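What the coordinates show
The primary structure of each chain is shown beneath.
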Amino acid sequence: MPEQTTRPLTAPETGSLVPAAVPAATPADAALPAVTPADAAFPAVALADTALPAAAPPLRPTSITGELPDGLLAAFEAYEDALAANDHEALAGFFVPGPHTLRGDATGLLVGSEAIAGFRASRPGVVRRGIRSLHVRAIGTEHALIVAENAPVAGGAGVVTQLWSRTAAGWQIEAAQVAASAPAVDPSIWRVVGTPLLAGASGGALSGVRVAVKDLFEVAGFAVGAGNPDYLRSGTAATESAPAVTALLGAGASVIGIAQTDEFAYSIAGTNVHSGTPPNPRVPGGLPGGSSSGPAAAVALGQADLGLATDTAGSIRVPASYQGLWGLRTSHGSVSLGGVLPLAPSFDTVGWLARTSGLLVSAAATSLDPERQLPVAARFVVCGQLVFAAEEDVQAAFVEAIDRLERGGYLPEPVDIITIDPLADLFETFRTVQAAEAWRSHGDWVDAHPGTLGPDVRSRFAFASLIDADEEAGHRGDLAEARDRLDAALDGRILLLPAASSTAPARSASGAQIERVRAATLSMTCLAGIGGYPSVSMPGLVVGGAPLGLSLVGPRYSDLALLDLAAGLAEGLEG
């Protein structure tokens, strides 16, 4: 290898790589997908349409060690041009194809060229940046390390580190690490934050706990936004906080912000056309799950300790599963829904998300009436129909987990296999009653504000608007019968099942793919809603490197006992 020397090289006249008057090329890698509003209508995205001057001077390194490999800078410049144009096809060609290529940032690590390409395809815009300095460290003639310091037009600074390799296709990136200055607040996660917004009482079991409140709860001094800017503008500030918020404040927790939700909580994907899609730190490039997407992302990222949320059909359990969190849907009616914007009151519940079971237990204990809580025996059942509703790799992970718990003695009695009514019929009954109640809750507003909803939520309200009184009444009768049959089949035992039908889908997944996953997952999660049962999603399963929750569904008002049993099972899965 030639002698390693470091020498500064600058563009003539300006002393920098890009003339001061040129707002220079490119972006995407300067932006952290978790914290930059690439998915939202923010200036950073709008800047992608800003035209660059046609004539920029050739790019030159600020410093270099070794001999500069032929063609390397031309490849780097071409990559920067592709970034500036947000040319997904060209960008994909700059990464070494195969399963070993890496791209990392603060949200996690993407492994494999397909995952990297999928991440890029999910971003509708890029953040303009200029190159402040460029440092090249040659590693022989076939490899080189490039470290570029960049300056986003919107302000801040970033650093991109790339390992380039000479391949049969030319110079390509084998590994990249992106570091960028994050905005103070990620608007895809937070609607508003404070230091704090509301301080908790001194002392208490939750002293020092930071709470992210889903944007369905009344918080004193703020209007409810429900994930829709027009709804927020039409609202008025609450004069007092919802009882579920007050309970946490009274126990010493502080509200640090109001977190985003899928529109009107009518989704489990975690997307929002207005504020963007929050990150999933456990699955970079994956959906966060919803509708409690904001609280879940805040907790998973460590920006909050506890998420206060709602669960109608899985809105706590699905994001908990996708992001490796603990989540509890409480028994229907066990926590006050006062001051909470409804979706479907027959199924709506309050619950929480946390990184640990201990904090989840503490939050539940401050909000649930202990006199209504019941013990539950450690008797478990599995329903084959529910397991088979999940994808095959999820089925395998679930079966392996149950086997491990049985071998370790964490399931004290043999797990019984039960049969439940055809899931398609149960889901259709649940879906119809939910939709009828959703239209009753919000139909007038939706009719009065055409064009304000995202296409997925709009289609669900369109379906809801077509349900007449006779159809609703028929399904309500079916619902009551289904509840009785579920009670009889479970017989006071705890149902074990995967918390979702799949791990987090890619953000680049098609609408049809997401809808297929949604239908399969809801056919599993709706049972807790039909029965009014509490349900825990606990981390512990891994499928293809992504987290998947193990769900426990217990008898009504067994919430605290269910959490204790789940904590015991978690020990078995960790061992």
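Each remark here, short or long, concerns the structure printed above.
Residues numbered from 1 in each chain as written. Predicted model: local features only at pLDDT ≥ 70, side-chain atom pairs only at ≥ 80, totals over all residues. Heavy atoms only, no water.

1. Description of the sheet that holds strand E11 (residues 254-259)
In any sheet, the strands associate via hydrogen bonds between backbone groups, in a parallel or an antiparallel arrangement. The strand order E9-E11-E10-E12-E14-E13-E18-E19-E17-E15-E16 describes an open sheet built from 11 strands, whose pairing is mixed. Strand pairing shows two members of the sheet lacking a second neighbour, strand E9 (190-198) and strand E16 (416-418), which therefore form its edges. Taking the axes of each pair of neighbouring strands and ignoring which way they run, one obtains an average angle of 30° across the sheet. Relative to strand E12 (residues 306-311), strand E10 (residues 210-214) runs parallel, the two sharing three bridges. Residue pairing in the sheet places valine 211 in a bridge with leucine 306 of E12. Sheet contacts for helix H9 (residues 357-367): E12, strand E13 (326-329) and strand E14 (349-354); angle to E14, the most-contacted strand, approximately 150°. Where helix H16 (residues 559-574) meets the sheet, its contacts fall on E13, strand E15 (380-383), strand E17 (494-498), strand E18 (535-543) and strand E19 (546-553), and the angle it forms with E18 comes to roughly 15°. (Pairing = 2+ DSSP bridges. Helix = DSSP H or I, 4+ residues; strand = E, 2+ residues; numbered from the N terminus. Axes fitted to C-alpha atoms, helices over the stretch in contact; angles between N-to-C directions. Contact = heavy atoms within 4.5 Å.)

2. With respect to the packing of helix H12 (residues 423-448) against helix H15 (residues 511-531)
Interaxial distance between H12 and H15 falls to 9 Å at its minimum, and their mutual angle equals 70°. It follows from the interaxial angle that H12 and H15 lie roughly perpendicular. Where H12 approaches H15, its residues Leu423, Leu426, Phe427 and Phe430 are matched on the opposing element by Ala519, Leu522, Ser523, Cys526, Leu527, Gly529 and Ile530. Class assignment of the residues belonging to the contact of H12 with H15 gives a composition of nine nonpolar, two polar and no charged. (Parallel < 35°, antiparallel > 145°, perpendicular 65-115°, else oblique. Nonpolar A, V, L, I, M, F, W, Y, C, P; charged D, E, K, R; others polar.)

3. Observations regarding the environment of glycine 477
Residue position: glycine 477 is located in helix H14 (residues 469-490). The partly exposed category is assigned to glycine 477, whose relative accessible area is 33%. (Buried < 20%, exposed > 50% of the residue type's maximum accessible area, 1.4 Å probe, protein only.)

4. Brief notes about the pattern of salt bridges
Counted under the stated rule, the structure contains 19 salt bridges. Its salt-bridge partner being aspartate 215, residue arginine 191 comes within 2.9 Å of it at the nearest N-O pair. Here arginine 191, found in strand E9, pairs with aspartate 215, found in the loop between E10 and helix H5 (229-234); they are 24 residues apart in sequence, far enough to count as distant. (Salt bridge = Lys/Arg side-chain N within 4 Å of Asp/Glu carboxyl O.)

5. A word on the environment of alanine 480
The residue alanine 480 is located in helix H14 in this model. Distance in space between the C-alpha atoms of alanine 480 and isoleucine 530 is 8.4 Å, their sequence separation being 50 residues.

6. Side note on the layout of surface pockets
Volume-wise, the largest pocket comes out at about 470 Å³. Where the lining of the largest pocket is concerned, the elements lending two or more residues are helix H13 (455-465) and H15. Taken together, the residues of the lining of the largest pocket sort by class into eight nonpolar, eight polar and seven charged. (1 Å grid on protein atoms, 1.4 Å probe; cavity = no way out; pocket = protein on both sides within 12 Å on 5 of 7 lines; lining within 4 Å. Points joined across faces, edges and corners; volume = space filled by probe spheres on them.)

7. Description of the side chain of serine 331
Here serine 331 is to be found in the loop between E13 and E14. Excluding anything up to four places from it in sequence, serine 331 contacts Thr349, Gly532, Tyr533, Pro534, Pro555, Arg556, Tyr557, Ser558 and Asp559.

8. So, helix H2 (residues 72-85)
Along its 14 residues, H2 runs 20 Å from first to last C-alpha, staying within 8% of the 20 Å computed at 1.5 Å per residue. Against the buried residues of H2 lie helix H3 (88-93), helix H4 (113-121), strand E5 (129-139), strand E6 (143-152), strand E7 (158-167) and strand E8 (170-180). Asparagine 86 occupies a position one or two residues after H2 and carries a positive phi of about 55°. (Expected span 1.5 Å × (residues − 1).)

9. Some remarks on H16
Over its 16 residues, H16 runs 23 Å from end to end, which matches the ideal 22 Å to within 8%, given 1.5 Å per residue. Among the residues of H16, Asp559, Ala561, Leu562, Leu563, Ala566, Leu569, Ala570, Gly572 and Leu573 are the ones counted as buried.

10. Focus on the packing of aromatic side chains
Under the defined criterion, the tally for this structure stands at 11 aromatic pairs. The interplanar angle of 75° and the centroid separation of 6.4 Å between the aromatic rings of phenylalanine 94 and tryptophan 164 together place this pair among those described as edge-to-face. Remark: tryptophan 164 occurs in strand E7 and phenylalanine 94 occurs in the loop between H3 and strand E3 (102-105); sequence separation between them is 70 residues. For tryptophan 164, a relative accessible area of 0% gives the class buried. Measuring from centroid to centroid gives 5.3 Å for tyrosine 231 and phenylalanine 264, while their planes differ by 80°, and the two rings are edge-to-face. (Phe/Tyr/Trp six-rings, centres within 6.5 Å; stacked < 30°, edge-to-face > 60°.)

11. Notes on the pairing of E8
Note: E3 against E8, three bridges, orientation parallel. Residue leucine 102 lies in a different strand from E8, and its bridge partner there is alanine 175. Here 10 bridges tie E7 to E8, and the two strands are oriented antiparallel to one another. Residue pairing in the sheet places glutamine 162 in a bridge with alanine 176 of E8.

12. A few points about the pairing of E17
E17 sits mainly inside the fold: five of its five residues count as buried. Both faces of E17 are covered, namely the face carrying Ile494, Leu496 and Pro498 and the face carrying Leu495 and Leu497. With three bridges joining them, E15 and E17 adopt parallel strand pairing. In the sheet register, valine 381 faces E17, and the bridge partner there is leucine 495.

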